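Residue strings, one per chain:
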Amino acid sequence: MKKEERKHRRPRWRKQDTELTLLALPTTIWYILFCFLPMFGVIIAFKDFKISGGFLSNVFNSPWSGWKNFEFLFKSNDAWITIRNTLGYNIIFILLGILIPVTLALMIGRLHNSRAGKVYQTMMFLPYFLSWVVVSAVIWAFLSFDKGIANQMLNQMGAESVNWYMEPQYWPYFLIFMNVWKGIGYGMVVYLATITGIDSTYYEAAVIDGASIWQQTRYITLPMMKLVIVMMFILAVGRIFYTDFGLFYQVPRDSNSLFNVTTTLDVLVYKQLKTATVGMASAAAFVQSVMGCITILFANWIVRRIDSESAMM
Amino acid sequence: MAAKSEATSGLDRYNRIGKGMNVLFHLVFILLALVCVVPILVIVSISFSSEDSIRETGYHMFPTVFSVEAYGFIIQQGTVILRAFGVSVLVTVIGTVLGVLLTASMGYVLAQPNYKLKSFLTWVVFIPMVFNGGLVSSYFINANLLGLKDTIWALILPLAVSSFNVIICKTFFRSTIPDGIVESAEIDGASQLRIFFSIIMPISLPVLATIGLFLCFGYWNDWFQSMLYINNQDLYSLQALLNNLMSNVDALARNASSMGVSYATLVASMPKETARMAVAILIVVPVAFAYPFFQRYFIAGLTVGSIKG
């Protein structure tokens with residue numbers, strides 16, 4: 001009886017609906033297999049999980065261990081170093097990732113020769129298209145102890161060779177530099193698009209009123225860019241528990257001497273997974289997923305308060 | 001940017017930075033552009049050096065002794081590198097086609113305002129943007145449950161769809177394709193599948209090209225999936241091969257027997273350092289020559305992403 005009523009109230013299931021469902025089916029299956037199954041798989045963080053035999057029987061048969069995996073994780077010193085690195089590097093990356101590209105985007109639009117500007121922009125976009133494996137080979141050519149270009153230069157100046165992959169004190173600077181180097185082209189593209197989109201009549205009016213270029217930048221360009229800058233900032237903050245695995249694993253070539261300055265959550269999870277300490281790995285991955293979820297939702301909530309059009313939901 | 005400065009009139013002439021400032025800005029950008037490009041030129045230079053000169057004096061910005069022995073070795077020894085090249089191309093092509101189809105079909109379905117399951121599928125696409133199972137459970141599901149370990153599908157399937165791309169597609173279909181086209185085709189009795197493949201796909205080339213490019217570069221540059229799931233060296237892509245060579249340069253001598261020499265002789269005689277960099281060049285060259293032409297589409301995709309989150 002009730003069912004009948006509902007059927008009448010809502011529009012009927014049409015032939016189109018069946019066809020659209022068929023069309024969406026392959027992608028839906030993909031989502032179930034590669035996104036939703038792993039979401040339920042996080043329960044292995046609460047289990048004493050052994051890698052042997054089938055996955056499903058393992059999940060069901062392995063005993064519950066409560067919060068034990070998390071206790072192990074947070075009792076180890078590694079966890080705190082890792083979280084410090086993850087958040088610390090990300091805070092620096094977020095700040096530089098705004099400051100440098102915004103400055104350069106403001107500068108490149110002011111060049112007299114705009115064709116040269118296009119060439120510079122294209123060249124600076126190159127690192128974005130290189131994989132971290134290739135970048136790691138590039139860095140090796142510079143920093144290798146016996147063959148590297150950096151040590152040859154040091155020797156020419158009469159200084160001793162440095163064993164770069166064993167000396168942690170240099171690596172925070174290297175990693176920050178590499179991050180800026182790889183992302184600079186991307187950042188400029190985003191901010192330049194915003195600057196190009198600003199109506200030129202604002203500037204014409206300002207010039208007639210005698211505004212200097214600095215004043216135009218300060219009072220027209222930057223305020224017009226504010227929204228995009230804030231959005232990029234918040235979206236980056238939302239991903240503060242995630243790092244670029246390639247940067248922190250491939251570039252330092254997984255050197256153990258550099259553990260304290262190059263291990264982030266992603267690296268920790270990968271290394272523990274590879275050394276078969278699944279309990280700790282799954283606990284760390286769970287922490288990352290949950291904290292990531294909270295920060296992303298929080299960032300999205302703020303975005304919606306600023307500009308509801310740009311929010312994810 | 002170019003269009004803007006060409007279009008502006010005399011007014012702009014009074015509104016320029018000073019000559020000195022202009023020179024300074026140019027110098028800054030020349031320096032930055034070189035910092036971005038020179039490292040790749042160094043790799044090129046190493047790959048064209050003679051192995052002996054590197055063994056004696058190390059890497060240099062410019063080859064001290066010019067030689068093409070690394071490339072000669074790659075051609076002559078071939079199979080390992082050619083195979084890896086083949087795997088990379090295959091994964092990139094299949095992955096891009098599959099990814100574009102999966103992304104566009106979902107985007108089209110979500111763009112239909114009257115579809116009954118629309119809100120359900122919107123959640124299916126949205127939830128993974130906020131929460132994911134993390135590396136460990138994904139790894140076990142893919143490797144053990146789905147049996148992808150040591151298959152080429154492990155390199156293709158996990159990267160095929162991203163919710164971000166689906167949303168770009170949906171926004172495109174919603175904003176640029178008039179409802180009338182779909183409605184009139186429906187009245188003519190066309191099925192949704194037919195509408196999607198013969199009407200929507202052909203008129204949506206700009207967005208499909210953008211997403212295809214992102215996928216294409218993503219697959220070509222991927223090494224992480226290989227590191228996780230591939231142990232069989234026959235399934236190594238170029239990236240995986242280079243990754244392996246960085247720690248174990250002798251791996252190139254794997255096929256020594258097919259060349260009629262023993263493994264030990266080949267390891268002793270082959271150009272290791274230069275061949276490694278030559279593999280890096282094989283990876284970089286297609287990308288470096290392709291991206292300046294496709295930059296426009298990339299910029300379109302990136303700016304959609306940043307502004308329309």
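Under the annotation held in an unreviewed UniProt entry, chain B carries the name Carbohydrate ABC transporter permease and is attributed to Saccharibacillus sacchari.

Labelled according to an unreviewed UniProt entry, chain A appears under the name ABC transporter permease subunit, originating from Saccharibacillus sacchari.

**Digging into the overall build of chain B**
Looking only at helices and strands, chain B features 17 helices and 0 strands. The buried share among the 309 residues of chain B stands at 42%.

**Focus: the overall build of chain A**
When its secondary structure is counted, chain A shows 15 helices and 0 strands. Compactness check: chain A gives a C-alpha radius of gyration of 26 Å against a globular reference of 20 Å for 313 residues, more than 25% above the reference. Judged by the C-alpha coordinates and their principal axes, chain A covers about 75 × 65 × 35 Å. Counting the 313 residues in chain A, one finds 39% classified as buried. In chain A, 67% of the contacts between residues at least 6 apart in sequence involve partners at least 24 apart.

**Overview of the interface of chain B and chain A**
By a widespread convention, an interface's size corresponds to the accessible area lost as its parts come together. Contact residues are listed per partner, giving 93 residues for chain B and 95 residues for chain A. Looking at the side of chain B that touches chain A residue by residue, the class counts come to 63 nonpolar, 24 polar and 6 charged.

**Quick look at the environment of Leu228 of chain B**
Residues and elements named next belong to chain B. Within the secondary structure, Leu228 sits in helix α14 (residues 224-229). You can call Leu228 buried: it has 20 C-beta atoms within 10 Å. Spatially, the C-alpha atom of Leu228 lies 26 Å from that of Val166, the residues being 62 residues apart in sequence.

**With respect to helix α7 (residues 118-130) of chain B**
Taking 1.5 Å of rise per residue, the 13 residues of α7 of chain B would be expected to cover 18 Å, and the 19 Å separating its terminal C-alpha atoms lies within 8% of that figure. All of the buried residues in α7 of chain B are Leu121, Val124 and Val125 of chain B.

**Side note on unusual backbone geometry**
In the Ramachandran plot, Asp254 of chain A falls in the positive-phi region, its phi being about 55° despite a non-glycine side chain. As for its placement among the helices and strands, Asp254 of chain A is situated in the loop between α12 (245-249) and α13 (259-262). Non-glycine residue Asp150 of chain B carries a positive phi angle of around 55°. Tracing the backbone through its elements, the reader meets Asp150 of chain B in the loop between α8 (134-145) and α9 (153-156).

Rules and cut-offs
- Residues numbered from 1 in each chain as written.
- Chains lettered and ligands numbered in written order.
- Predicted model: local features only at pLDDT ≥ 70, side-chain atom pairs only at ≥ 80, totals over all residues.
- Helix = DSSP H or I, 4+ residues; strand = E, 2+ residues; numbered from the N terminus.
- Buried ≥ 20, exposed ≤ 12 C-beta atoms within 10 Å, placed from the backbone.
- Rg over C-alpha atoms; globule rule 2.2 N^0.38 Å.
- Contact = placed C-beta atoms within 7 Å.
- Nonpolar A, V, L, I, M, F, W, Y, C, P; charged D, E, K, R; others polar.
- Expected span 1.5 Å × (residues − 1).

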